[in-house]
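Reading the structure
In case you want the letters, here they are:
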Amino acid sequence: MISWDFALNGWTFWLSALHRDELWWTMGGLLLVDGPRYALSKAVMFLWDALTGNWPLKSVQDQEIEDRYEPSVCVVLAGYNEAETVEATLTSIWGTYPRLEIIVIDDGSEDDMHCVAQNFAQDHAGILVLRKPQRGGKSSCINFALKYTEAEIVVVVDTDSHLAPDALWEIVQPLADPQVGAVSATVLARNTTTNLITWLQAEEYLHSIFVGRMLAERLGIVSVASGAFGAFRREAVQRVGGWDVGPGEDGDITLRLRKMGYDAVFAPYAECFTNVPESWPALFRQRRRWNRGTIRYKCRKHVDMAFFWYPNFRFSNLLLLLNVWFFNIVCLYGFWIYVLGWLIAPPDDLFFFLWTTYVAYLMFHVLQVAVALAYSRNLRRDAATSVVLPFVPIYQLFRKCARLISVTEELFFRRSFDDNYVPWHVREATWHW
Amino acid sequence: MPRRTPAEEQAASSPVRRDSPSTFPPLSDILVFQKDEVLARVAKVRGWLVEVSSRDIELEFQTSVRFPEDDHLVFGMDALNGETQYAEINIDNFYRSSSGKVRVVGHSAGVVQDILNQPLHAPYLCPKTHTFRFAHPESLLRQLCGLGIVEEAFLDRVEVCPNCSGLPTFRPGCQHCGSPRTTLDRLIHHFACGYVGFVSEFEDAGRIICPKCRTKDLVVGADFEYIDGAHRCFDCAQHFEKPERIGHCLGCDFRFPAQQADLHDLMGFRPKRLDILAFSPAS
């Protein structure tokens, strides 16, 4: 059996014996793609904030109540068969904001969701519960709710999520700027400690959503106000005709608002806790849906955002698309071609190559964790979430697998329209972008 | 009906004098009401029914109490079943007998007698105020109830106005203002673009056209579905899932959610009546 010391010594010897060019050609491309994209860019953002005095970030807790922006808000909860979770969601929302109305839309559920919501509404003022005769998808539910609100801001919350006490205050603050049409929020895992899969997703959400969208906002390329928790200016939403058929309707409407000239921004301390998939197959299905949506909207439906001759062209929209095209398509296929090369002609020292890659990824990720903790408002919780750090490179490999499959099938076969997320009669009737 | 003999007729018309106090059950207690139905005195006395006819009733008591004329006397008598039953007389005269006992002569009359003569006193609905009332002053009935002369009996349970206890009507109405002028919204969900709007938005010269994507001649079932929306109030413009049962008081016009109505027990009063004429030899 190879001892730890022997392996470590062997690896350091191999690494020191490797010529710099060899190291560059074998791993440089890989590391320079994922490195700058995630870790280095976030580190630069943090340094920039620290140097310009933006760090620590301001939240509504730092503001006097009379200084806060306080528009009327309508929270829309659209769900299908969510009887078990809808009450907890309502409890977390009701009473957390002064000018609040809540509309619950039961999308033709077969369980008691409608009754549970109705019972809650009987004891709590300002809640309207409506029911659709048959399932029509989340978009139709939100559009249905839009007909019954005059609130300035529409906030969409998933019925299996719950909000932090000041989340509504946080998410409406950026909308004080009339140019802002959509606000994205931080979505965190509620069931972090259920198993390793949920824990890894919680860690991923911390980096890809909490810090990732912070970076996207700095670059002006926020492309999605999550369906789990996102705020929209009602007037803007009505101008674009409401939500289109999903899946991925949250990203779709954000892009449509951007095309209309509105900005999409991020409220990092507007926190929503949602249940994440607890098994690999469920996680795989979820990621397939997300990735398909990305391709469908950013490579087809809203590709006109890149047309500089269009009157509503904005450079930030082009940058948003380029970001997706390069990292989600070019780099993805580049990575798997690279892996394929390794599989076809594996180098003699493959183990050392893999180990070096793993360590490099881990180091980049440590940097990301440091940035996330620097911005964190709940250091203990986020530090505990980051404990699964050693497994993250392996988890990223899983995500890349899921992304390869879903991007390929969407690019070539438009499989997003087979997704059961939208009922059959709706996806058959809608346009297949 | 069998005809009476002349002797029987005479016996019936002439007062029957019963000098022996043991002929009738003894009287248990007496209550004296003044002319304005105010209870003046309650006493437990030893007494007897002395004479009963269709005109006069004469009682004898071992007491020093005075009985002013025109006052009313309610007296109780223990029936065979052990229950005390009551009757009232209007005092015509009283005098002290040679044996030192008090004799009271009177005739059946008075409000209490009227109360005692009804088998059950139920409240009626006053057409002016739409509240439940008794033909006799309720305070008097309660007083008689407290004295055991009448007993309270549960008749029914009704929902009444929380404001004036009047009788309300109930009908579906707006949850916010109580108005019955509400309508159910009818909407259309266009499958292709996901738009949901009121039917009036889609209707265009007899055709169904989606206002969002402008697709024309939509076919129900294939292209769109009808959705029942919320109810809308014409008076306050609020919307709600389904109308609430709203109470509207007929007495004071107050509107209130049905669950806020007061539950009111309708109680009646059943008298423990002593049929004094049963002791008459003619009966």
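Residues numbered from 1 in each chain as written. Chains lettered and ligands numbered in written order. Predicted model: local features only at pLDDT ≥ 70, side-chain atom pairs only at ≥ 80, totals over all residues.

Some thoughts on the overall build of chain B
Within chain B, the secondary structure is distributed over four helices and 19 strands. Considering chain B as a whole, with its 283 residues, one finds that 29% of them fall into the buried category. The long-range share in chain B, meaning contacts at least 24 apart out of those at least 6 apart in sequence, stands at 62%. (Helix = DSSP H or I, 4+ residues; strand = E, 2+ residues; numbered from the N terminus. Buried ≥ 20, exposed ≤ 12 C-beta atoms within 10 Å, placed from the backbone. Contact = placed C-beta atoms within 7 Å.)

Digging into the overall build of chain A
A tally of regular secondary structure across chain A gives 15 helices and eight strands. Relative to the compact-globule value of 22 Å for 433 residues, chain A shows a C-alpha radius of gyration of 23 Å, a close match. Once local pairs closer than 6 in sequence are excluded, the contacts in chain A between residues at least 24 apart make up 81%. (Rg over C-alpha atoms; globule rule 2.2 N^0.38 Å.)

A short note on the confidence of the model for chain B
Residues and elements named next belong to chain B. Predicted confidence across chain B gives a mean pLDDT of 82, with 90% of residues reaching 70 or more. Mean pLDDT across the elements of chain B bottoms out in helix 1 (residues 6-13) (44) and peaks in strand 12 (residues 196-198) (96). Overall fold confidence for the complex sits at a pTM of 0.79, while the interface term, ipTM, reaches 0.90. (pLDDT = per-residue confidence, 0-100.)

What to know about the interface of chain B and chain A
Contacts between chain B and chain A engage 19 residues on the former and 23 residues on the latter. Elements with a minimum of two residues in the side of chain B that touches chain A: strand 11 (182-190), strand 12, strand 15 (224-233) and strand 16 (239-240) of chain B. With four residues, the single largest contributor to the side of chain B that touches chain A is strand 15 of chain B. For the side of chain B that touches chain A, the class distribution of residues is ten nonpolar, five polar and four charged. (Nonpolar A, V, L, I, M, F, W, Y, C, P; charged D, E, K, R; others polar.)

Description of the sheet that holds strand 12 of chain B
With respect to topology, four strands assemble into an open sheet ordered 12-11-15-16 (chain B), the strand pairing being antiparallel. Two strands lie at the open edges of the sheet, namely strand 12 and strand 16 of chain B, each paired on one side alone. Summarising the sheet, strand 11 of chain B and strand 15 of chain B pair through eight bridges and their orientation is antiparallel. Looking at strand 15 of chain B, one finds that His189 of chain B is bridged to Glu225 of chain B. Its contacts with the sheet place helix 5 (residues 138-146) of chain A against strand 11, strand 12 and strand 15 of chain B, and it is angled at close to 35 degrees to strand 12 of chain B. (Pairing = 2+ DSSP bridges. Axes fitted to C-alpha atoms, helices over the stretch in contact; angles between N-to-C directions.)

Considering the domain arrangement of chain B
Residue and element names in this part refer to chain B. Under the domain assignment, chain B is made up of domain 1 (16-116), domain 2 (119-163 + 263-271) and domain 3 (168-259). Facing the ten residues of domain 1 at the interface are ten residues of domain 2. The biggest single contributor to the side of domain 1 that touches domain 2 is helix 2 (residues 111-117), with four residues. Partitioned by chemical class, the residues of the side of domain 1 that touches domain 2 number eight nonpolar, one polar and one charged. (Domains from an automatic or database assignment.)

Here we look at the sheet that holds strand 18 (residues 255-257) of chain B
Residue and element names in this part refer to chain B. Pairing is antiparallel across the open sheet formed by three strands, whose spatial order is 10-17-18. One side of each edge strand has no neighbouring strand; the edge strands of this open sheet are strand 10 (168-173) and strand 18. When strand polarity is set aside, the average angle formed by the axes of neighbouring strands in this sheet is 35 degrees. As defined by bridge partners, strand 17 (residues 244-249) adjoins strand 18 across three bridges and the pair is classed as antiparallel.

Remarks on the environment of Phe154 of chain B
Residue and element names in this part refer to chain B. You can see Phe154 is positioned in strand 9 (residues 150-160). Since 9 C-beta atoms lie within 10 Å of it, Phe154 is described here as exposed. Ignoring sequence-local partners within four residues, the contact set of Phe154 consists of Asp265 and Met267.

Some remarks on the packing of helix 7 (residues 196-219) of chain A against helix 12 (residues 350-375) of chain A
Residues and elements named next belong to chain A. Put simply, helix 7 and helix 12 touch, their axes get as near as 10 Å, and they point 70 degrees apart. By the angle between their axes, helix 7 is roughly perpendicular relative to helix 12. In the crossing of helix 7 with helix 12, the sense of the turn from one axis to the other is left-handed. Taken together, the residues of helix 12 that come into contact with helix 7 (itself represented by Leu206, His207, Phe210, Val211 and Met214) are Gln368, Val371, Ala372 and Tyr375. Of the residues belonging to the contact of helix 7 with helix 12, the class tally is seven nonpolar, two polar and no charged. (Parallel < 35°, antiparallel > 145°, perpendicular 65-115°, else oblique. Left-handed = near helix turned anticlockwise from the far one by under 90°.)

Comments concerning unusual backbone geometry
Omega for the peptide link from Trp55 of chain A to Pro56 of chain A comes to 0 degrees, which places this bond in the cis form. As for its position among the elements, Pro56 of chain A is in the loop between helix 2 (20-52) and strand 1 (73-79). Of note, the phi angle at Asn81 of chain A is positive, near 55 degrees, even though the residue is not glycine. The exposure class assigned to Asn81 of chain A is partly exposed, which follows from the 17 C-beta atoms found within 10 Å. Phi at Ala237 of chain B takes a positive value of approximately 65 degrees, unusual for a residue other than glycine. Tracing the sequence through the fold places Ala237 of chain B in the loop between strand 15 and strand 16. The class for Ala237 of chain B is exposed, based on 11 C-beta atoms found within 10 Å.

Section: the domain arrangement of chain A
Size of an interface: often given as the accessible area lost when the parts come together. Residues and elements named next belong to chain A. Taken as a whole, chain A is organised into domain 1 (4-48 + 315-429) and domain 2 (60-279). On a C-alpha basis, the centroid separation for the pair domain 1 and domain 2 is 29 Å. If you look at the interface, domain 1 gives 26 residues, while domain 2 gives 26 residues. Counting residues per element, the side of domain 1 that touches domain 2 draws most heavily on helix 11 (residues 315-344), at five residues. Each residue belonging to the side of domain 1 that touches domain 2 can be placed in one class, and the counts come to 14 nonpolar, eight polar and four charged.

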